[in-house]
Structures are given as C-alpha cells and as structure tokens.
Amino acid sequence: MARRSHHRKHTTAVAGVGSQLARGIVPDADQENLTPAQRYAAAKREREQRKSLAYQFAQRFDFPLDDFQNEALQALEAGDNVLVAAPTGAGKTVIADFAVYLAQQRNLKAFYTTPIKALSNQKYHDLVAQYGRENVGLLTGDISINSEANIVVMTTEVLRNMLYENSVTLTALRYVVFDEIHFLGDQFRGQVWEESIIHLPQSVKIVGLSATVSNIEDFGAWIESVRGHTRLIISETRPVPLEQSVMVQTGRGGAPELFDLYDEASREDRGDGEPQGGDSRDCSRRGDGQASSHATSSRTKPTKPAALRVNPQLLARLRRLDDMSARRDFDQHRRHSHASSRSGRTRGYHQAHRPWPQRWEVVDELDHRDLLPGIFFIFSRMGCEKAVDECMQTGLSLTSDHEYRLIGEIADEMAYNAMSEQDLRMLHYRSFKHALQNGFACHHAGMIALFREIVEKVFEQGLVKVVFATETLALGINMPARSVVIERLDKFNGVARVPLTPGQYTQLTGRAGRRGIDDEGHAIVVDHEGFEPAGLAAMSSRRVYPLHSQFQATFNMAVNLLAHSDLATAHRTLDMSFAQWEANESAEQMQKELASFEEALAGYEKAFACDQGDFKEFLELRLRLSDLEKGERRRIKHTQFKTPQDKKKALERLDRKIRQVRQRERNHPCASCPDLDKHVQWGMRWVKANKRYQLLKDRFESRTGVVSRRFDLICRVLESLGYLRRPEAHAMAGASAATEAQAVPEAQAASAAPDYQRNNIGLDASHSRTAGTYELTWRGELLRRLFSEHDLFLAQCMIEDTFRRLDAQGLAAVLSGVIYEARRSDEARIRHYPGGRNGKIARAIEHMDDVWDDLEYTVEQAGLLQLPEVNWGLVEPIFRWSGDATLTEALSGTMIQPGDFVRSCKRLLDVLGQVREAAEQLGDVQLADTAQQSTEIINRGVVAYSGLDAQDELE
C-alpha cells in the first residue's frame, strides 16, 4: 500500500527578557529608563558576569538558558550543592553538564551517576562526543573503561562500592551528579543513593536532578544536613504545554473520538492549565525544625489556580455509551430468558459494556489527526508484543518509502555490526525489523539491549511513529514524542491491580511534547473498564508525589562501617540517613499507610471468604502446619539436648503434633470447597500483606533510632556467626586459651576449615580491624567484598566450601540462584539438575539450601526481616549457555524472555566478579580461578553486547 509522507511543524525558541536578565544583560529598551548610576551598576554586573564560567558555558548553546538553569549554574560556581526539581524534558542535564565543565576547567574530577546501565552508556557517548574518548571513563557492573579519567560515568552502585573500598579513584573528586536522584525512593535499590550521599567526602559537591516530588523541601533540607549548604531550585514549567484528552469508541464499528479532558471555559479561567514559575531556595532549617524557603529568584511560585472542570461533552458521551450498552444488555437478557423458558434450560450470557477503542484503532486515529510520533504505554510485555502484531495484521503502515528504507539501513548496520546472523535469526530479527520499517516497535525489559537501542535511535530520528512500551521507558531514556497514550490507569503489581499514582502519571506523560518541534504535547488516556474522568482529572491535577526513604542497614553495610569506625560513630552515621530523618518527622503519613494496609487486608479477607466455613481458621491451620514442618523442626535441629534420646523424643512429639494438625486441616469444612485453590491464593496474599502491615506497625510504634536498632541486631547476628567479635571477649578468650581452648569459637571453626581459611584464622590478630566495641574477623573482611543482596548467604557458602568441587560451568549455574528474579512462582523451581540428582550441582544446591535455611533461622530469631530467597529456575539455562549452547537452546522449554536472560547474565557476571575478589581475599586461588573461567564462558555472544564500539571495549 502507498506510504504517506508526514510533515511536521517546527518552532524556534526565542530569547525572552527574563533570560536576558538572568544572564546579566539589560534590554536596550529598558536602558533609557535607568538612571546613570543604575546603568553603571548594570554594566558592572554584566562585565563581572561575562568573566564567570557559568556565562562562558552558557555561550556554548545556540539558545538562551532558562532562568532556573542560570540560577543553578551560578550556585554551582559559587560552591553550593545543588538540588534541581523540574519536569521531564525541562533541561536539567544542562546543569549536570556544567558540573562536568567546572571540573574540567579546574582540573578536577567529576562523576556522573545513573540508576541504570542504559543511561550510563547513553551519557558516556554524549560526554565522549564533547570531551574526547581519552578524557571520559565508564564503570558499570560488567564494564570498566578508562576508570581513572577525570570524567567517569557510572551506576550509583559502583560509586557506593568505591566509597566503602576507599578507592584511589576518588582522589581529586569534586563533583558528583546524581541523575534521577528521586530513585532514592526505589524499594529495592534506593538505599544505595543514601549511602553514597552520606559517605562522599565533604569536599565533594553534589548535583541532584529530581522529578518534581511533593516533599522536595524536606529532601533538600536533609541533603543540607548531610552535605552542607545546598541550593534547592524548583521549576514547575513544562517546556512544552500539555493537552490532556480521552479517546472514546463511538460505537461498534465506528472510529474513536478524542475529547478534551477539561472544559474549555474552566481552562480559560485558569489560564493554560499548566503550572508556571519556579523557585530557588536554600535548604537550611529554622529553629522550629521546619524547612525555610528564602526565595532568591525574581520568579515566584504562583497562587493556586482555579479548579478545572471535567469536559461535560466527554461525560455526556460516556453516559450515552453506557445507556446503549445497558439497552443491549436488557435486550440480550430478555432473549435469553425467553429461550430458557421455551427450552426449560437456563442459559448464561455475558453482561454488555460500552465498547472500548482497540489498539490499532487508537494508532490509526492518532495518525489521522497528525499526533504521531507517539509512545503507547501498555503495562504488560505481552500486551506490547500483541499490539505490534495487531497493527501489522490490520495492514497499517505509518512510514514513507524513504523512511522504510532508512529504518532498514540503520537497523541492519546496528544489528549485524553487533551480532552474528545466527544470533539474530534466533531473536526473530526479521519480524522485528519488518514491524519497525512500517513504523511500529516495542520497548520493554524482556527485549535484548541491542533491539531496544535500535528502537531508541530510529524513534529519536522521527522515523518510527509508535512505540508500545512498558513503564520502564519513562525512566531517563531520551525519547520525547508528540503524544503519549496510556491504555489503562491501573496496572498489575505482582499481587493485584493497583491504580497509577499521580507521580507515575506525571512521569509517563512527561514524554509528551518535543521542545523546539511541537507547539504542544498530548497526553491521551484510552477509555477502559472502570474508567472515570473525575479520577483522571484528580490524578492529572496533582503534578507531584512524595519521596520516601528505603534505607535500611545490611550485613555488608555493617562490616564496611565497622571497618573504619567504632559503634558510636556508626550509629551517628546511620542517624544521618533520610530514613531516620523521616522517622523523626510526623507520623501522619505512616498512619495513612497503616490505614491503606488495613483496607487491603479487609479486601483480601472478603476475597477468600468461603461458604463452607471459616477460611481464616483453615489458613491458620495450614500456616501452623508449615511452621511445624519447617520452623519447629529447624528449631529442634538447633537445640542442644542432653542425650540423643531426648532429641529423638522431641522429634516424635513433633511428628504427632504434625499429624494432628494435618488431620484437622483435612477435616476442616473449607478443605472440600471447590474454590479452595483460589481462596488459598488470596489467603497467601493476605499473609504477605499482614507481615508487611505488622512490620509497618512496629516501625510506627518504635520510631526513634529505628535505623540504629536494626543495625545493632545485624551486628549481633554477625557476631554470633564469627564475622565480628568484641575485643575484650577475644582478649579474655586468648588469656584462657592454654587451659580452655574450646572457649574460642573461631578455634572450632578453624579445625573444620580448609587450609587457606585456617591460615587466615591463624593470622587473625594481624588481619582484623579494630573498631571500638567490635573487630572484623577474616570472615568480616570477606563479607566486605560481597555487595549482593545475598551478601551474608554468599559469604557463608564460601566459608563452608560449598563451591569447592564445582567447575566453571557448575559454579555459574548455582550462582544464578542469587541473581534470578522469577516473574512467576513456577519459574523459580529447577526442573532437571544438570548431572542428575546425585551430581555435583545437585549436591551444591542442596548444601546451599541448607545454608540458607540455617541463616533464615538465625535471622528470624534475631527479629530481622527474612532473607531474600534464592530461585533455581535459571540453573538449567545458565548451565546450557555456559556450555556453549545457542540462545534458543539455552532457553528451550522455559518462559524466560531473551532480554531477561541477558540481564540476568549481566548480574551474574557482577556476582562472579565479587566472588572472585572475595576468594582472593580468602586466599582461595582455586575458587578465584574458577570464578574467572565462569565469567569468560558466560560473557559471550548476545550477553557480551554492551552498546559500546570496539574501540571503547579495548580500553
């Protein structure tokens, strides 16, 4: 079919008076209104400003900088820390680039940190283009390029590890950029940002680039309390105005309609509906503990605008569609009732609902209205893939002949320069390319990095018109569009469907509108089940979301803190965390969270309500049975009995108790319920939510020193396992060693340890670090090298010599258990053990399970959160891949997507590197060599692809 060529309107940014004033330039029209003294003062200011590095840096751009950018540049040059909160696309990276520029001008170092490797790679290429390959380095978990350069791009985890290791790379460091600093609120990785901010030398200035979070003043005040004087700069102005709309299906077979979300009259009363202005503040605190807000900018925060009203035409259309659906529903019910009365049989029917636009119809309508290119957010990987298939099956094509050819050339060049034809064939490259050439693409974490990079490149050039993406695309990657489409205002979080937060909505719609190209951006929500315009209006009117700390002490953090400080100093350091800062603030937010949990728990209880009997009672029996079979048996295993006979009797009593509880479970009325499996699923969700609720309740009831208390519990666990010891206890044990050798716990460990461990234990006096009330033993030094979330588990496995009999292939396979995150419960289990159930891998896994079980018991007894579980679902694929299998062969019989597999391999390479370094610390040359061999056999083909060119890889 013929392809249409699309013409786009382009606009040019024009310098305004505000920008001229911000650069110290008084417009000619105003010069004549000044007194001679004022003209002299203005000229003097301009001369002084022209000497500044900020002014020189601003001249590099062919457009004037915005006021908030100029203010941030001046603050940085004056020696302040800077925290910038502004919408996506506002130009925050200009400020980060100035920090790098300052470092270069002053012959100092600058680090640029990002939350994800894709952003690190992208920024590395940008800085290489500006400063040359020889002046820029890159450090991620699996890549090290020019690490001692004056400009180094890295993931935040790499910076945190450097700080704990006191790396020489930190010498002469002056500026650290934290891109996407609001990632500090991430549930799983956020604490890395806090650790880095706390532990950076005081001579280092930080530049934080943040989304517009609602408690940004508190966050800025916390940074100032840790880092010194900090300038908070807020810009709430979108660079491109945003139009918000709803797409509704007019009827079955008709084309969709696009309605404005808001009433035109209310928008005129309010203005353009976009927040305006900005604010610059220092982050000091007044004596009453409240954040002070001293405006230093000529711009001020706007007064609260009038409320926007939902478009009555949209409401009327939805009501009409609902009425039409209700009439169809009534007619269908009447026909079914009539048929049932004649036949004597009851026949079911599906309740009608108003029609919703299909994905391809939405795309076709956007194309018709010239609202492409667009990003279509679908919160499902499979949904993204299906959307591309649907568009292709309907015959849609959005590209011209020239674009079709150009996309093919770009894709082929990138693909065939990076991978073999065999690898590309296994990844279905031809189908991917064909959809791409017609203007459609997916973008989600299940794709390999190369395919995502191809999509990003052709989309940035305006060649591909629609990208169906999951929310991961909203993080950092530079892919602005004319329109953003959101299919639903809720998503599945792994447990249930939950509504989008205002912050998530803002993050997603921040991609709409290309600066200098589009007059306005478009955020379009597709009508869907449960959609209410009032809910969307409430969500879109709140531009911000709160940032909360996820900081908590870990085993690795504990030994690294105590390696350089005593316990009191460690406590003071932990008290500097944003987590403790928040814990010391009002409990109002925590009360709201508790109420939310209580509501969710009530919902789960309603969902598992059973007609047969009390399901909660049945659930408690099942949980009791599980605790007896696992927990109680484990407690008996760790209990010291006077005689073996006593232990045998205890186990026999336990077995009787298990039989009794099992019998009660089998006889319970709910056991015969036909919906038992469904009720159990909801019941287990209730159990998980209730655990989190109880933990949150405990936090609420004991807020003071909450971070330090967890740290103390961790120290006790580490002491009990021989990673820490108290100097006075060690001295007393040494004094009585001649007469009572068994009083020294580590002497017992040494007798059973391998030779290389025994050597370290024998040298313990010279291989420990005194830390006031605690010393690190050789085990503690080992743990310092393991930064995985399974840090203590890995250390115990190494100490117990779990990996001794494994070759490189086997080591890679079993270590996959600590990095794999199964998307479904059935993906976490191993189906077949390589080498059989009696082979080396099976025995190693069995031993690792025992180690984990023992550690879980110890942690549970200490009152800590449970350990992260290990998942063995990747053992077979990793074993095959490390045995030189193709990607197709490695993933055969699994539901694992190639992108997930490659990402898991990258994480595995990181863990293998940690194990290698830790083994060298132990003096275990064999394990260190095996880990290195494992790295080499994993890091090949599609896994070895990094997005960097060959010259980069050589450095």
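Parameters at a glance
- Residues numbered from 1 in each chain as written.
- Predicted model: local features only at pLDDT ≥ 70, side-chain atom pairs only at ≥ 80, totals over all residues.
- Heavy atoms only, no water.
- Patch = residues over 30% accessible without salt bridge, like charges linked within 9 Å, V, L, I, M, F, W, Y side chains within 5 Å.
- Areas by Shrake-Rupley, 256 points an atom, 1.4 Å probe, with all protein chains shown as cover.
- Salt bridge = Lys/Arg side-chain N within 4 Å of Asp/Glu carboxyl O.
- Lys, Arg positive; Asp, Glu negative; His and termini not counted.
- Charge placed at Lys NZ, Arg CZ, Asp CG, Glu CD.
- Helix = DSSP H or I, 4+ residues; strand = E, 2+ residues; numbered from the N terminus.
- Axes fitted to C-alpha atoms, helices over the stretch in contact; angles between N-to-C directions.
- Parallel < 35°, antiparallel > 145°, perpendicular 65-115°, else oblique.
- Left-handed = near helix turned anticlockwise from the far one by under 90°.
- Contact = heavy atoms within 4.5 Å.
- Nonpolar A, V, L, I, M, F, W, Y, C, P; charged D, E, K, R; others polar.
- 1 Å grid on protein atoms, 1.4 Å probe; cavity = no way out; pocket = protein on both sides within 12 Å on 5 of 7 lines; lining within 4 Å.
- Points joined across faces, edges and corners; volume = space filled by probe spheres on them.
- Phe/Tyr/Trp six-rings, centres within 6.5 Å; stacked < 30°, edge-to-face > 60°.
- Buried < 20%, exposed > 50% of the residue type's maximum accessible area, 1.4 Å probe, protein only.
- Pairing = 2+ DSSP bridges.
- Polar contact = N/O pair within 3.5 Å; in protein donor to acceptor, adjacent residues only side chain to side chain.

1. Observations concerning a negative patch on the surface
Next up, step 1: There is a patch of like negative charges on the surface, built from Glu165, Glu917, Glu920 and Asp929.
Next up, step 2: Mapped onto the elements, glutamate 920 comes out in helix H38 (residues 898-922).

2. As for the packing of H38 against helix H39 (residues 925-938)
Next up, step 1: Across the interface, H38 lies against H39 with an axial gap of 8 Å and an inter-helix angle of 160°. By the angle class used here, H38 and H39 are roughly antiparallel. As H38 runs across H39, the sense of the crossing is left-handed. Contacts between H38 and H39 involve Cys905, Leu908, Leu909, Leu912, Val915, Arg916, Ala919 and Glu920 from the first element and Leu927, Ala928, Ala931, Gln932, Ser934, Thr935 and Ile938 from the second.
Next up, step 2: Within the contact of H38 with H39, the residues separate by chemical class into 10 nonpolar, 3 polar and 2 charged.

3. Describing empty space enclosed by the protein
One water molecule sets the probe size; rolling that probe over the atoms shows where empty space is left.
Next up, step 1: In total, this model carries 4 cavities of 30 Å³ or more according to the counting rule given.
Next up, step 2: The biggest single contributor to the lining of the largest cavity is H39, with 3 residues.
Next up, step 3: Class assignment of the residues belonging to the lining of the largest cavity gives a composition of 5 nonpolar, 3 polar and 3 charged.

4. With respect to the packing of aromatic side chains
Given two aromatic rings, their pairing is described by the distance between the two centres and the angle made by the two planes.
Next up, step 1: What the rule picks out here adds up to 20 aromatic pairs.
Next up, step 2: Note on tyrosine 429 and phenylalanine 432: the rings are 6.3 Å apart at their centroids and 40° apart in plane angle, and the pair reads as tilted. Residue tyrosine 429 and its partner phenylalanine 432 are both found in helix H17 (residues 429-437); the two are separated by 3 residues, about one turn of the helix. A single burial state applies to tyrosine 429 and to phenylalanine 432, both of which are buried.
Next up, step 3: Summarising the aromatic geometry, the rings of phenylalanine 615 and phenylalanine 618 are spaced 5.6 Å apart at their centres and angled 35° between planes, so their arrangement reads as tilted. Here phenylalanine 618 and phenylalanine 615 lie together in helix H25 (residues 615-637), a separation of 3 residues that amounts to about one turn. Residues phenylalanine 615 and phenylalanine 618 agree in their burial class; the two are buried.

5. A few points about the pairing of strand E12 (residues 374-377)
Next up, step 1: Along E12, one buried face is formed by Gly374 and Phe376 and the opposite face, lined by Ile375 and Phe377, is buried too.
Next up, step 2: With 4 bridges connecting them, E12 and strand E14 (residues 466-469) associate as parallel partners. Bridge pairing in E14 places glycine 374 opposite valine 466.
Next up, step 3: The pairing of E12 with strand E15 (residues 483-486) spans 4 bridges and is parallel. Looking across to E15, one finds that isoleucine 375 is bridged to valine 484.

6. Some details on the side chain of aspartate 97
Next up, step 1: Take aspartate 97: it is sitting in helix H6 (residues 93-105).
Next up, step 2: In this structure the side chain of aspartate 97 is engaged in a polar contact, spanning 2.9 Å, whose partner is the side chain of lysine 123.
Next up, step 3: The contacts of aspartate 97, once residues within four sequence positions are left out, are Phe57, Lys123, Leu127, Gln130 and Tyr131.

7. What to know about the side chain of glutamate 487
Next up, step 1: With respect to the element layout, glutamate 487 can be found in the loop between E15 and strand E16 (490-492).
Next up, step 2: On the basis of relative accessibility, which here comes to 17%, the residue glutamate 487 falls in the buried class.
Next up, step 3: Look past the residues within four positions of glutamate 487 in its chain and what remains in contact with it is Arg359, Phe376, Phe377, Ile378, Val526 and His528.

8. Some remarks on the sheet that holds E12
Next up, step 1: With mixed pairing, 7 strands are arranged side by side in an open sheet as E10-E9-E18-E15-E12-E14-E13. Looking at which strands have only one partner, the edges of the open sheet turn out to be strand E10 (256-260) and strand E13 (440-443). On average, adjacent strands in this sheet sit at an angle of 25° to one another, irrespective of strand direction.
Next up, step 2: Contacting strand E9 (242-249), E12, E15 and strand E18 (521-526), helix H19 (residues 502-509) runs over the sheet at an angle of about 140° to E15.

Interpretation note: all reported values are geometric properties and have no functional meaning in isolation.
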